[in-house]
Amino acid sequence: MKKYILLSSAAAVALTFVACTPTDGTNGTNGTNGTIGTNGTNGTNGTNGTNGASPVFNSDLSSKISFTKVEAPITDANKMAILTSSGVAYADGYTDALSFTSLMSAGAVNNGQKFGLLKNSNDVAITYTDGSPFICDGENGNASGSGLDHVSLLQKDSRLFMVAQFECQVGAMYGFELEQNATNGKLSVKPNSMQYISQKDDFGGWVHCAGMTTPWNSHLGSEEYEPNARTVESSLNQTTMLTSNNYFNEVTKFYWADENNSNATANNNPYFYGYIPEVKVNGSVTPAIYTYTKHFAMGRASWEMAYVMPDNRTAYLGDDGSKVGFFMFIADTAKDLSAGTLYAAKWTQLSNVGAGVANLSWIKLGHSDDATIKAIVATEPKFSDIFNYAAPTGTTCPAGYTYISTSAGSECLNVKAGKETAAAFLETRRYAAMLGATTEYNKEEGVTYNPEKNVIYVAMSAISGTMSDTRGDIQLSQNNCGAVYELALTTSARDTNGVAINSGLVAMNQKGLVVGTPKTYTGVYSAYTCDVDGISNPDNVAYLADQNILAIGEDTSAHPNDFVWAFDTATGKMVRIASTPYGSETTSPYWYTNVNGYGYMTLTTQHPFGEILASDKDYNLTSNPFADKNSSIGVIGAFKFNPANR
């Protein structure tokens, strides 16, 4: 999810409001959508009426929860601080103060473990060339990468745990136990509880980005920016085992300790990385046991995250990068992601207005299981074992080859006989493109689900590149401030071969919901190139069920301080509820509505004072003695959704 500093044009935010479901009141006669009346006292729920074709937006419908506004920082002190909403009002009139609780910062020590310390393929702490510990903390560490990213709060065996993952080339995960104050819900880290989570049995970790807490209370992570196996193969130096891919080299040198081929029996391989990992915790024993598993059956791409739907089987996967795809995985068995069917989306455009409107169709890539794909990976395959490659002439390929254009560039490919499964699950984006799926999305980020409207939301950091040209499936106007899309679901869908898709939660329509537009400022906001009161480069999204609130986190340079917004899906109103320090990004906003009766929103501040330029207006803040440059995780709350805790 690391941001790209390429926002050269200026833009202002436009909001597209969509349908909502009103609060149940006295039942009227069913019919075509009519005007929604003023909300009355809730009565007994009546029988649901038939859905209309085009539900009507009602600007008078009030939100169930509202927040005090966080002002965009102006002073140096506020630009360097984590600011969060100071109060919340609930629908029943109850108001309460809110605060932010910091739980853990990179470099902190607990149970003899240093948070963010990277370890090698033998789970031994890595030290840098000068003997210093190899810490993943963005610009404040010495490992290559962005630092602390997504965390999951897990309730298991009457205990409360947190799993945190780090977005460096050498990936790392840590788990620790939390303690909760029964009187006010305040959370704290339990002393002597932190553990490093080993990844060595599944070829190590790689650029862990966003994630989620599954419905069965496990941590579902990601591996972003999978190495390009074709260029790794073509540039591999057989003496040093290094390549033209710096990410890959970092892992070769430090995780595998193989820069001089000293570990030749376990050489690095590009197909080790680019999957969805899951961490389960067993809290019935002390110390707790964390188990790490990569789900090879979910395919390999630049995963921002996978979002599992309430059926515990359907998962949507965001592919982060330029010229990428959108994917869906249907597990064979509920709560078990080890086997299933993988699909890729095709965008059929209906409108180019704003962020666009399109119908989606789904192309089946294949069915497999973790064990089968892992066995292929264990053979350390090369790109040339799976594909024949030829350089295209423009968009023309030799006979028998298929032209594709993806994040790997323009290629002519031919799948070798019997290698279709390897192509589908090891080269998911390339294979999808070969079968006709859309690989024109740009910086596709977080995914979340709104059960009240039965839609999912997907963040697109910027509408640019192949989304804003005049070729291919997606042809929109460039918008460097990005958008959040709403995708309507259907209970019955077939793939492009006419075969029924075994899920009742299949996305079939995609349209812009919250759209950013550039804007030019003078004065205190002169560093802003996207509207200060609107989204800029949306990244993570999380829906607060039953409260109409969609949290939208940013990863942007167009706002010097990155924000988290609460977008009311009923009224279309948007309130800034968090601001992170200059040069950081907001990661990991995720809602938890009932943790022993209290609610929380997690918030990670990643690489503060990190993603900056010497020409920036506020560059001097990087040398301020009060600048805290450590990535950190905390929670906003406790929310008292349960009146019994007020």
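Look above for the structure.
Counting starts from 1 at the beginning of each chain's written sequence and moves along it residue by residue. Note on the predicted model: pLDDT of at least 70 is required for a residue's local features to be given, and 80 or more for side-chain atom pairs to be given and counted; whole-chain, interface and lining totals, by contrast, use all residues. Hydrogen atoms and water are omitted, and side-chain values are computed over all heavy atoms in the structure.

Draft legend 1. Local environment of the state of the cysteines. Any pair of cysteine sulfurs within 2.5 Å is marked as a disulfide. Considering all chains together, one arrives at 3 disulfides under this definition. Bridging C397 to C412, the disulfide has an S-S length of 2.0 Å. Because the sign of the S-S torsion sets the handedness, a value of about -85° for the bond joining C397 and C412 places this disulfide among the left-handed ones. Pair noted here: C397 is in the loop between β24 (387-390) and β25 (402-406) and C412 is in strand β26 (residues 409-415), with a separation of 15 residues, a long-range link. We call a residue buried when its accessible area falls under 20% of the maximum for its residue type, exposed when it is over 50%, and partly exposed in between, using a 1.4 Å probe and counting protein chains only. By relative accessible area, C412 is classed as buried at 0%. Take the cysteines of the protein chain that form disulfides and number them in order along the sequence; they join up as 1-2, 3-4, 5-6. In DSSP terms, a helix is any run of H or I states spanning at least four residues, a strand is any run of E spanning at least two, and both are numbered starting from the N terminus.

Draft legend 2. Focus on empty space enclosed by the protein. The definitions used throughout rest on a 1 Å grid laid over the protein atoms alone, on which a cavity is an enclosed set of points accommodating a 1.4 Å probe that cannot get out and a pocket is an open set flanked by protein within 12 Å on both sides along at least five of seven lines; lining residues are those having an atom within 4 Å of a point. Grid points are joined across faces, edges and corners, and a volume is the space filled by probe spheres set on the points. Enumeration according to the criterion identifies 2 cavities of 30 Å³ or more in this entry. There is about 70 Å³ of room inside the largest cavity. Taken together, H150, A210, G211, M305, Y307, G446, V447, N540, V541, S588, P589 and Y590 make up the full set of residues lining the largest cavity. Elements represented by at least two residues in the lining of the largest cavity include exactly β18 (303-308), β28 (444-450), β32 (538-544) and β36 (585-595). With 3 residues, the top contributor of residues to the lining of the largest cavity is β36. Among the residues forming the lining of the largest cavity, the class breakdown is 7 nonpolar, 5 polar and no charged. Basically, the charged four are Asp, Glu, Lys and Arg, the nonpolar ten are Ala, Val, Leu, Ile, Met, Phe, Trp, Tyr, Cys and Pro, and anything else, Gly included, counts as polar.

Draft legend 3. Spatial organisation of the sheet that holds strand β3 (residues 83-84). Two strands qualify as a pair provided that DSSP identifies no fewer than 2 bridges between them. The sheet built from 5 strands is open, its strands ordered β3-β35-β34-β33-β32 with antiparallel pairing. Since the sheet does not close on itself, it has two edges, and those belong to β3 and β32, each with one partner. Where β32 lies against strand β33 (residues 549-554), 5 bridges are found, and the strand directions are antiparallel. Bridge pairing in β33 places Y543 opposite L550.

Draft legend 4. Main features of the sheet that holds strand β4 (residues 87-90). In spatial order, the strands read β2-β4-β5; together these 3 strands make up an open sheet with antiparallel pairing. With one partner strand each, in any of the chains shown, β2 (65-67) and β5 (95-97) form the two edges of the open sheet. Mean inter-strand twist for the sheet, computed between neighbouring axes without regard to direction, equals 20°. Relative to β5, β4 is paired through 3 bridges, and the arrangement is antiparallel. Of the residues in β5, the one forming a bridge with V88 is D96. Axis lines are fitted to C-alpha atoms, over the contacting stretch for helices. Their N-to-C directions set the angle, which ranges from 0 to 180 degrees.

Draft legend 5. Broad picture of the layout of surface pockets. Space inside the second largest pocket adds up to approximately 590 Å³. Along the wall of the second largest pocket there are 23 residues; nearest its centre are T213, P215, Y307, Y590 and W591. Elements supplying a minimum of two residues to the lining of the second largest pocket: β9 (145-156), β14 (212-213), β18, β28, β32 and β36. Residue contributions to the lining of the second largest pocket peak at 6 residues, all from β36.

Draft legend 6. Broad picture of unusual backbone geometry. Going from T286 to P287, the amide bond is cis rather than trans, its omega being 0°. By the element assignment, P287 lies in the loop between β16 (276-282) and β17 (289-295). Here the amide bond leading from G637 into A638 is cis, since omega sits at 10°, within 30 degrees of zero. Counting through the fold element by element, A638 comes out in strand β38 (residues 632-639). Non-glycine residue N217 carries a positive phi angle of around 60°. Summarising the element assignment, N217 is placed in the loop between β14 and β15 (219-220). Although it is not a glycine, K443 adopts a positive phi angle of roughly 50°. The exposure class assigned to K443 is buried, which follows from its relative accessible area of 5%.

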